[in-house]
Amino acid sequence: MSDAAALPGQPRGLVVSGPATARAVNVLAPNPSAMTLDGTNTWLLSEPGSDLAVVVDPGPLDETHLRHVIETAEKLGKRVALTLLTHGHPDHAEGAGLFAELTGTPVRALDPALRLGDEGLGAGDVVNVGGLEVRVVPTPGHTSDSLSFHLPADRAVLTGDTILGRGTTMVAHPDGRLGDYLDSLRRLRSLTVDDGVHTVLPGHGPVLEDAQGAVEFYLAHRASRLAQVETAVENGHRTPSEVVAHVYADVDRSLWPAAELSVRAQLEYLRGRGLV
C-alpha cells in the first residue's frame, strides 16, 4: 500500500461523498472511467450558518445524481442558489441545464454558450452568496475556458481538470494550449505562496493536502514530458502518434488518444519556440 503522504500533493485517501473542508462538500457523480477516475467531484459550497449554497460542476446529464446533489444540500439545511462551471467538458457541465431547471437558479461560466442567466465569469470576479466568498482564477490550458475557484476562508482552491487528485491531466489540443497551461500552473503556485492555499479540491480524484507540492509536481512533470517529446522528435518520431507510442509506452493504451492531444499541444509549443 502506498503512503499517501509520500505521493504528489499528499492525497487524502479514498474519494468519497461528504465534507472536505468547512465550506466544501463533495457529491461524487457515478461516472467512473479511465478519464474521470472515480467520477466527477460535484462541489457543494456554503458558508457555515448560511442557508444558501453554490454548486460547482453539477456533472454529467444524470438526473439521479443531480437530484442527489439537491437532496444533499437540503439535508444540510441549504438551498442551491447558484451554479458555477470550471469548464465545459460534458463530465462537468452537461447536467448544468437540467440542474438549473430543477433548482430554478442561474449558471455562470466563462464560455457564454454555457451560461444560463445574465452573468458570466471572468478574471478577478468575486462571487458572494450567503456570506461565502469565491474568487475566480482564470486557469486556461486544459481547455481555453478553464477556471479555478479560490476559497480564501478555507485556504483551498477548486481546480476542475487543471490539477487532478491523482495522476496528471491532458492539454485538450487545439482548444487547450500548453503555454497557457504552464502559465496557469504558475498562477496556482502563486496562490500557494502568496495566499496561503494548501488544499486542492479537484474535479476528479481525492482532495490534496499539499497544494504547493501538487503544483510543483505538475510543473516538473510537464518539463519532463516536453524534454521527452523533444528527444523523440530528434530521434525521428515525427507524427503525434509516433511520439505517443514512444513517450507514453508505459501508459495504458486506452489513454493514448488523450495523450495524443497533449503531444500535439507540446509539439505546437516546441515549434513556436523553434525547438523542433
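Structure: see above.
So, how was this worked out
Residues numbered from 1 in each chain as written. Predicted model: local features only at pLDDT ≥ 70, side-chain atom pairs only at ≥ 80, totals over all residues. Heavy atoms only, no water. Helix = DSSP H or I, 4+ residues; strand = E, 2+ residues; numbered from the N terminus. Rg over C-alpha atoms; globule rule 2.2 N^0.38 Å. Buried < 20%, exposed > 50% of the residue type's maximum accessible area, 1.4 Å probe, protein only. Contact = heavy atoms within 4.5 Å. Pairing = 2+ DSSP bridges. Axes fitted to C-alpha atoms, helices over the stretch in contact; angles between N-to-C directions. Phe/Tyr/Trp six-rings, centres within 6.5 Å; stacked < 30°, edge-to-face > 60°. Lys NZ or Arg CZ within 6 Å of the ring centre and 35° of its normal. Core = buried A, V, L, I, M, F, W, Y, C linked by side-chain atoms within 4.5 Å. Salt bridge = Lys/Arg side-chain N within 4 Å of Asp/Glu carboxyl O.

Caption draft 1: Representation of the overall build of the protein within the structure. Helix and strand content of the protein: seven helices and 11 strands. Scaling as 2.2 N^0.38, a compact globule of 276 residues should have a C-alpha radius of gyration of about 19 Å, and the protein matches this with 19 Å. Taken along the three principal axes of its C-alpha coordinates, the protein extends 60 × 40 × 35 Å. Expressed as a percentage of the 276 residues in the protein, the buried residues total 52%. Taking as baseline every contact in the protein between residues at least 6 positions apart, the subset at least 24 positions apart corresponds to 62%.

Caption draft 2: The arrangement of the sheet that holds strand 7 (residues 126-129) in detail. Taken together, the five strands give an open sheet; going across it, the order is 7-8-9-10-11, and neighbouring strands pair in mixed fashion. Across the chains shown, the open sheet's two edge strands, defined by having one partner strand only, are strand 7 and strand 11 (199-202). Averaged over all pairs of adjacent strands, the angle between strand axes in this sheet comes to 25 degrees, irrespective of strand direction. Bridge analysis of strand 7 against strand 8 (residues 132-138) gives four bridges, and the strand direction is antiparallel. Along strand 8, the bridge assignment pairs valine 127 with valine 134. Across the sheet, helix 4 (residues 178-194) touches strand 8, strand 9 (147-151) and strand 10 (156-160), and the angle it forms with strand 8 is around 145 degrees.

Caption draft 3: Structural detail: the sheet that holds strand 3 (residues 41-45). Across the sheet, six strands lie side by side as 1-2-3-4-5-6; this open sheet has mixed pairing. Two strands close off the open sheet at either side, each with one partner strand: strand 1 (18-19) and strand 6 (107-108). One ladder, built from three bridges, connects strand 3 with strand 4 (residues 52-56); its direction is antiparallel. When the bridges of strand 4 are listed, leucine 45 appears paired with valine 54.

Caption draft 4: How the structure looks around the pairing of strand 9. Counting buried positions along strand 9 yields five of five residues, so the element is predominantly enclosed. Two elements, strand 8 and strand 9, share four bridges in a ladder whose sense is antiparallel. Directly across from valine 136, in strand 9, lies its bridge partner phenylalanine 149. Judged from the three bridges that link them, strand 9 and strand 10 form a sheet pairing that is antiparallel. Each residue of the ladder has a partner; that of phenylalanine 149, found in strand 10, is leucine 158. The antiparallel pairing of strand 9 with strand 10 creates a hairpin that spans four residues between the two strands, and arginine 155 there sits at a positive phi of about 50 degrees.

Caption draft 5: Region of interest: the packing of aromatic side chains. Under the defined criterion, the tally for this structure stands at one aromatic pair. Look at phenylalanine 217 and tyrosine 218: their rings are 6.1 Å apart centre to centre, the planes differ by 75 degrees, and that puts the pair in the edge-to-face class. Residue tyrosine 218 is classed as buried on the basis of its relative accessible area of 3%. For the cation-ring pair, arginine 253 lies above tryptophan 256, with the distance from its terminal atom to the ring centre recorded as 4.2 Å.

Caption draft 6: Representation of the nonpolar core in the model. Ranked by size, the top nonpolar core spans 35 residues in total, and within it Ile163, Leu178, Leu185, Val243 and Tyr248 carry the most contacts. Mapped onto this core, the elements with two or more residues apiece are helix 4, helix 5 (211-234), helix 6 (240-247) and helix 7 (256-272). Looking at this core element by element, the count peaks at nine residues for helix 5. Each residue touching leucine 178, except ones within four places of it in the same chain, is listed here: Val171, Arg222, Leu226, Ala265, Gln266 and Tyr269.

Caption draft 7: Quick look at the pattern of salt bridges. Scanning all chains against the criterion turns up 10 salt bridges. Among the ionic pairs, aspartate 38 bridges to arginine 166, the shortest N-O distance being 3.1 Å. Placement of the pair is aspartate 38 in the loop between strand 2 (24-28) and strand 3 and arginine 166 in the loop between strand 10 and helix 4, with a sequence separation of 128 residues. Residue classification places aspartate 38 among the partly exposed residues on the basis of a relative accessible area of 27%. For arginine 166, a relative accessible area of 40% puts it in the partly exposed group. Across the salt bridge formed by arginine 67 and glutamate 63, the nearest N and O atoms sit 2.8 Å from each other. Note that arginine 67 and glutamate 63 are positioned in helix 1 (residues 63-75) at a spacing of four residues, about one turn of the helix.

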